[in-house]
Amino acid sequence: MTMIDELVPQPENTGTRDAIRRTAHAHRARRVAISRVMMILCGIALVLTSIPLVLLLIQLIVRGSSQLNATFFTKLPQSPSLVDPNAIGGVLNSIIGTLALTIYASIMAIPVGVLTGVYLAESRSKLAATLRVIAQTMAGAPSILMGLFGFTLIVKYLQIGFTAIAGSFALAVLMLPVIAISTEISVRNVPDTLREAGLALGAKPHKVSLKVVIPSALSGIVTGCLLAVARAIGETAPVLLTIGGGYLNEWRPLNPVSALPLSIYMNAKSEWPSQRAQVWGIALVLVAFVFVLSLTARIWASRKQKRNS
Amino acid sequence: MSTSTSKIASQREELAEINSASSSRGWYQWLLIGVSVLFAVVSISFVGSIIIYSIPAWAHPGTLLTGKGWQSPTGPFGGFAMIIGTFETSLIALVVAGIVGLGTSLSIVFLVPGKFRNIIATLVELLAAIPSIVYGLWGFLVLAPWMLKTFDPFVNKFPFASTIFGSPGQQFGPSLMLASIVLSVMILPTFVAISREVISAVPSEIIEASYSLGATRWQVIKDVVLPTAKIGLFGATFLALARATGETVAVALVAGGVANAQFHLLYPGTSIAAWIATQFGEAQGTEVSALMALGVLLMLINFSLSLISRSLVNRQRKVLARV
């Protein structure tokens, strides 16, 4: 049966025309049926994705919120004993440790990252091209390698030992390329007309960069920094190899500190049910930190988009 | 008129030259260059220090790559079990997350009504930002007991199960299978976030054109959207694979942490990154450098994956520019 012969108009023969119409209908029905089936499969995939993620979120919120109380936020952890298996204290030291690590890491990473990003955006040299490849590769490097780097350089080579500064250095190395890349993108997005207007008014290139380009790219730069902090705050592997941990209330750069992700990792493997339960509370606090940072970053970015359009 | 425009154009070029002229570099230019060089130095010493500390372990490269036991603290240190574990878990996770994730992003773009699309996209990106330790925790405290009670007995009912998954009575909950499941749940949001973006970047003109020719929704997806987005989707896949191979703490919690050189999925195992994390605390001397050597291996795997994915994403940009 050749379609072409059938499609030649034969007005005399109404039977053939009907046959053509019927075939076309059948084809259409088959295509529609296949499409339905495939779209249903896609919908099933959406449901399959949602189930574990929704379950995770619900369990995190339900189990986590039952752990949050005054002791949790204000007391130091203590080892439970057979006499009192529920005396586990709070996680104040981890909250303070995480804040300290994040602040030190930001102080190290943000200036270097932002300036590198500005250089990447404004220079057309070979150095910039090479740096861009390095930054993109580093941005995807596994975080455990940052931990190894912090360990080899700060803990071993410089003989500083397991300290907050070692951990925040590892986190800063993690944040650096992320900040550099996002800064480069937002500086690039500043329209050339702005730069040229500044130069036309006789401003020196560095004045244009500092007073025109960076201010108009600022919200993008801030967004990038917030996202980098949000990533660093939850990283476990780098701090696992560098900060030392412990139950003490410590924040000073040259002392061992604890951190929220580290105490999740340690307590999850605890043999005490009370400590295993407390882990959900720590995880909830950590996820809350991350969500607040990411949402702030998103709102900032969308506000900027509205202003531009 | 035309002379004045060409004048403006040439002035523009001059300005650009002034902007990057090497003769008139002020303190600001030097600051930027200095900081960038600092960044380069940090990155190079990042790679360099790990390699330097790993050198003693490369005295026995054969043992490191194919050796089957890990005798701390004296050695020999065989990395075969970790290499198997890394590839097995991340490949399974990738296949699961790739298929389910592609369907998910297609349904977000083509099925979900427009007003919910942004909310779901935001939600997916937030889920992708959840620290991996939380996924690991969930796998360790929720999924592992469930596997032990429900999944393993169910799987072991099948006759082939003991050959593929390991013999009954050998399960402790944490296993390579559990690690693969946790990894696939973990990389799903990342994969969906990127692939959704790639899919919605396909120009709506060609989609509408094919609808107007009478194509069904699936035909549009199969014959227009997927071929256009193909390279970008491969890029997303490689990124997800890079994330799965480098994942540390989640795998350290749920894989069992045993250097078992075997392929059975229900046995406990470990991965390169997880092994570094679990062993580093007590390691001394040559064991540290053996762990560093595993780190070098992980670095090689990760860097090549990210190179591939980057070149694919760049090619996708060119493809879209042509459309």
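Counting restarts for each chain, with residues numbered from 1 along the sequence as it is written. To label them, take the chains in the order written and letter them from A, then take the ligands in the order written and number them from 1. Totals for whole chains, interfaces and linings use all residues, but because this is a predicted model, local features are given only for residues with pLDDT of at least 70 and pairs of side-chain atoms are given and counted only at 80 or more. As a convention, hydrogens and water are excluded, and side-chain values are obtained from all of the structure's heavy atoms.

Student: Give me the lowdown on the overall build of chain A, citing residues and values where you can.
Tutor: Helix and strand definitions follow DSSP, with helices as H or I runs of at least four residues and strands as E runs of at least two, each counted in order from the N terminus. From N to C terminus, chain A includes 12 helices and zero strands. Taken from the N to the C terminus, the helices and strands of chain A come in the order α-α-α-α-α-α-α-α-α-α-α-α. Both definitions apply: the radius of gyration is a C-alpha atom measure, and the globule rule equals 2.2 Å times residues to the power 0.38. A globule of 309 residues ought to have a C-alpha radius of gyration of about 19 Å, yet chain A, at 29 Å, is considerably larger. For chain A, the spread of C-alpha atoms along the principal axes amounts to about 95 × 70 × 35 Å.

Student: Residue-level account of the overall build of chain B, with values.
Tutor: In terms of regular secondary structure, chain B is built from 13 helices and zero strands. Starting at the N terminus, the α and β elements of chain B follow one another as α-α-α-α-α-α-α-α-α-α-α-α-α. Partly exposed describes any residue whose relative accessible area lies between the buried limit of under 20% and the exposed limit of over 50%, with all areas from a 1.4 Å probe on protein chains only and scaled to the type maximum. Buried positions account for 52% of the 323 residues belonging to chain B. Sequence separation of 24 or more characterises 76% of the internal contacts of chain B that already satisfy a separation of 6 or more. Where accessible areas are quoted, they stem from the Shrake-Rupley method and a 1.4 Å probe; at the residue level, only the protein chains shown are allowed to cover. Taken as a whole, chain B presents about 14,500 Å² of accessible surface, with 67% of it coming from carbon and sulfur. The contact rule is simple, with two residues in contact once any of their heavy atoms fall within 4.5 Å.

Student: Lay out the nonpolar core in plain terms, naming residues and giving numbers.
Tutor: In this structure, Ile144(A), Phe46(B), Tyr135(B), Ile272(B) and Phe280(B) are the most contacted members of the largest nonpolar core, which totals 167 residues. By size, the runner-up hydrophobic cluster in this structure holds 15 residues, among which are Cys42(A), Val109(B), Val202(B) and Ile207(B). To define a nonpolar core, start from buried Ala, Val, Leu, Ile, Met, Phe, Trp, Tyr and Cys residues and group those joined through side-chain atoms within 4.5 Å.

Student: Could you give an account of the packing of aromatic side chains, with specific residues and numbers?
Tutor: Note on aromatic pairs: the rings of Phe, Tyr and Trp (six-membered ring only in Trp) are paired at centre separations within 6.5 Å, and the planes decide the class, stacked below 30 degrees, edge-to-face beyond 60, tilted for the rest. Taken as a whole and judged by the stated rule, the model has eight aromatic pairs over all chains. Where Phe151(A) meets Phe162(A), the ring centres are 6.1 Å apart and the plane angle is 35°; that geometry is what we call tilted. Of this pair, Phe151(A) sits in helix α6 (residues 143-157) while Phe162(A) sits in the loop between α6 and α7 (164-188), and the two are 11 residues apart along the sequence. For Phe151(A), a relative accessible area of 5% corresponds to the buried category. On the basis of an interplanar angle of 85° and a centroid distance of 4.5 Å, the ring pair of Phe151(A) and Phe280(B) is categorised as edge-to-face. Placement of Phe151(A) in helix α6 and of Phe280(B) in the loop between α12 (272-279) and α13 (286-322) is noted, with the two residues assigned to different chains. Take Phe151(A) and Phe280(B): they sit in the same class, and that class is buried. Put simply, the rings of Phe149(A), Phe169(A) and Phe46(B) pair up and form one aromatic cluster.

Student: Quick rundown of the interface of chain A and chain B? Include the residues and the values.
Tutor: Taken residue by residue, the interface counts 78 residues in chain A and 76 residues in chain B. Roughly 7,000 Å² of surface becomes buried between chain A and chain B when both sides are summed, with 80% attributable to carbon and sulfur atoms. Contact with chain B buries surface across chain A, with Met39(A), Leu56(A) and Tyr265(A) losing the most and accounting together for 9% of the total. In what follows, salt bridge is the name for a side-chain nitrogen of Lys or Arg lying within 4 Å of a carboxyl oxygen of Asp or Glu. Across the chain A-chain B interface, the total number found is one salt bridge. Between Arg298(A) and Glu125(B) there is a salt bridge, with its nearest N and O atoms 2.4 Å apart. Under the rule applied, a polar contact is a pair of N or O atoms within 3.5 Å (in protein, one hydrogen donor and one hydrogen acceptor; residues adjacent in sequence only if both atoms are side-chain atoms). If you look at where chain A meets chain B, you find 14 residue pairs in polar contact (both at pLDDT 80 or more). Throughout, buried area stands for the accessible area (probe radius 1.4 Å) lost by two parts on being put together, summed over both.

Student: Report on the side chain of Ser209(A), specifying residues and quantitative values.
Tutor: As for its placement among the helices and strands, Ser209(A) is situated in helix α9 (residues 205-233). Look past the residues within four positions of Ser209(A) in its chain and what remains in contact with it is Val118(A), Glu122(A), Ile214(A), Pro215(A) and Tyr28(B).

Student: An account of the pattern of salt bridges is requested, with residue identities and associated values reported.
Tutor: Residue and element names in this part refer to chain A. One pass over the full model with this rule turns up nine salt bridges over all chains. In this structure, Asp18 engages Arg21 in a salt bridge whose closest nitrogen and oxygen atoms are separated by 3.8 Å. In this pair, Asp18 and Arg21 are both assigned in helix α2 (residues 14-65), three residues apart and thus about one turn of the helix distant. With relative accessibility at 38%, the residue Asp18 sits in the partly exposed group. We classify Arg21 as partly exposed; its relative accessible area is 47%. In this structure, Glu122 engages Arg195 in a salt bridge whose closest nitrogen and oxygen atoms are separated by 3.4 Å. Within this pair, whereas Glu122 is found in helix α4 (residues 92-122), its partner Arg195 is found in helix α8 (residues 192-200), the two being separated by 73 residues in sequence. Neither residue differs from the other here; Glu122 and Arg195 are each classed as buried. Taken together, the salt bridges that share partners define one network made up of Glu122, Asp192 and Arg195.

Student: So what about the side chain of Ser94(A)? Which residues, and what values?
Tutor: Examined against the element boundaries, Ser94(A) turns out to sit in helix α4. If we skip the residues at most four places from it in the chain, Ser94(A) touches Ser258(A), Ala259(A), Leu260(A) and Ser263(A).

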